[in-house]
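Fold and contact review
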Amino acid sequence: MRGLHSAVSDLRKNVFIEVARIAFESDDVSDDLEALPYKLSPTEEPKFRDSIYQERAIAAERARLAMGMSLRPADKPVHITSGLKSSDVDEMYYEPPLMQVIPSACDACEDNVFEVSNLCKNCLSHSCIEVCPKDAISLKDGHAFIDQDKCVRCGKCHASCPYDAIGKRVRPCAIACGIKAIESDKYGRARINQDKCLSCGMCMISCPFGAIADKSQFYQMIRCMREGQKVIAEIAPAYLGQFGDDVTPAKLHSALLKLGFDKVYEVALGADIGAISEASDYVENVTTKNKPFMLTSCCPAWAMLAKKFFPEIIGTISTELTPMVATAHSIKKEHPDAKVVFIGPCAAKKLEAMRTSVRSDVDFVITFEELDAIFEARGIDPAKEEEISSLHDATGAGRGYAVSGGVIDAIKKCIETYYPDVEFKCEHVEGLKDCRTALALARSGKKDGYMIEGMACPGGCVAGAGTIIEVSKAKKKINQIVSQSSKQVPPKELREIDLG
């Protein structure tokens, strides 16, 4: 529901604002955290729930997640500040899992249930009754009626009704999950199977009750700033337009410096490095048949999909550093004493930053949604900032990584420029369901010779769970800056940069 101003987006933002204020200003975090639910719901009249007690209980859980802490168990007396000492630090803090369902906020939506609506005309054909294989449909009070105990959810009645009077009730979070990681607990509430979950966050943005949330790291990042440490931001190319139509790259740069960052770099620089490197890898390995095909590596959920569900093809995943990591490496090489913060659209990047297989050099990950709330907590309006200096670290190729197909397009530009005699076979897929299909085809040998780009979020990074504006609007902004970039293709020698 990106770009849609709703009660859910307001609830999330208000929690983030208050937690950011606590991080910047509080000398008594415990008391302020205890008071936060009452600050958000100050009267005895509930705005969103059946009771003020439920509303405040949910707010307390949201606050804990925003501070990086886990949800409290529903069957044990656990204080809201339990675990605060461990999380009240000025360094990366994370307690798995990342994505969590707040049980008290979940409406226990029914999933895959067919029901007859008042559109039923009691027609003479009664096609729904005729096609039902289990005799689950009968006439009741002049309308068709489905016995849910007999129904096998085949959908034949739904397909046969000439009035579209039989509807299918689905759980929004389950529909959004392309790998079927959403299950139900014994009370019918949504539950995330963490063995399957890839932390893309599509379930989170699809829940109309705001019952699914990810854990944040901005509280610890702010504490780091408050301690006077040197903190440098690297911002993903999908930032364009996220903070308002009047917020230019130069104004956002100024706003970030005002917030307390020492320097700001474009992650598109790392994307440029990745594009030229993966173009070279394709030529060196796929065209020579050392590898049957190659998978891009920049989307962490896509890479984890391959590793979890298709372990036989792990060797085809590009070993090049992701743009986030490549940029962080270059920053740490120049500023070894600094903390690096990745600011982007993606929830899954929070996990990528903590992986042990490759040292990420990323100390904190925050989303655009979280940054927007932090700006408000500090009274900073990026649209009103002066344009001191803009961001000029990358080419159009790297900036295009923000949209689906942009990675492949960047690699294609590099191959056409530096390896003009090489035939480049490629495709891109988006959404985990289609990504899974593409990987199955590749495993079966039907994509040999290809470079395949996968994006977990339909639309690419601009559609990530941490974005704010409509996807179509974000895509337009990216296309504009790509076309306006002074350089379209990164230099070939960029691959030789020592990133540590």
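The rules behind each value
- Residues numbered from 1 in each chain as written.
- Predicted model: local features only at pLDDT ≥ 70, side-chain atom pairs only at ≥ 80, totals over all residues.
- Heavy atoms only, no water.
- Pairing = 2+ DSSP bridges.
- Helix = DSSP H or I, 4+ residues; strand = E, 2+ residues; numbered from the N terminus.
- Contact = heavy atoms within 4.5 Å.
- Axes fitted to C-alpha atoms, helices over the stretch in contact; angles between N-to-C directions.
- Phe/Tyr/Trp six-rings, centres within 6.5 Å; stacked < 30°, edge-to-face > 60°.
- Buried < 20%, exposed > 50% of the residue type's maximum accessible area, 1.4 Å probe, protein only.
- Lys NZ or Arg CZ within 6 Å of the ring centre and 35° of its normal.

1. Structural notes on the sheet that holds strand 15 (residues 450–455)
Within the open sheet, the three strands sit side by side as 11-15-14. Their pairing is parallel. Both edges of this open sheet fall to strand 11 (294–295) and strand 14 (425–430), since each of them pairs with a single strand only. The sheet contact formed by strand 14 and strand 15 spans six bridges and is parallel. Residue E430 lies in a different strand from strand 15, and its bridge partner there is M455. Strands strand 11, strand 14 and strand 15 of the sheet are contacted by helix 12 (residues 300–309), whose axis makes an angle of about 115° with strand 15. In this fold helix 18 (residues 432–443) packs onto strand 11, strand 14 and strand 15, with an angle of close to 145° to the strand it touches most, strand 14.

2. Overview of the packing of aromatic side chains
Aromatic rings in a pair are described by how distant their centres are and how their planes are angled relative to each other. Applying the stated criterion across every chain, the model contains four aromatic pairs. Between F243 and F368, the aromatic rings sit 5.9 Å apart at their centres with planes inclined by 85°, giving edge-to-face as the arrangement. One end of the pair, F243, is in the loop between strand 9 (231–235) and helix 10 (249–259); the other, F368, is in helix 15 (residues 368–377), with 125 residues separating them in the sequence. With centroids separated by 4.9 Å and ring planes inclined at 90°, the aromatic side chains of Y282 and F424 adopt a geometry described as edge-to-face. Here Y282, found in helix 11 (residues 268–286), pairs with F424, found in the loop between helix 17 (406–418) and strand 14; they are 142 residues apart in sequence, far enough to count as distant. The class for Y282 is buried, based on a relative accessible area of 1%. The rings of F243, F368 and F375 are connected pair by pair, giving a single aromatic cluster. One Lys or Arg, K215, reaches over the ring of Y94 and ends 5.9 Å from the middle of that ring.

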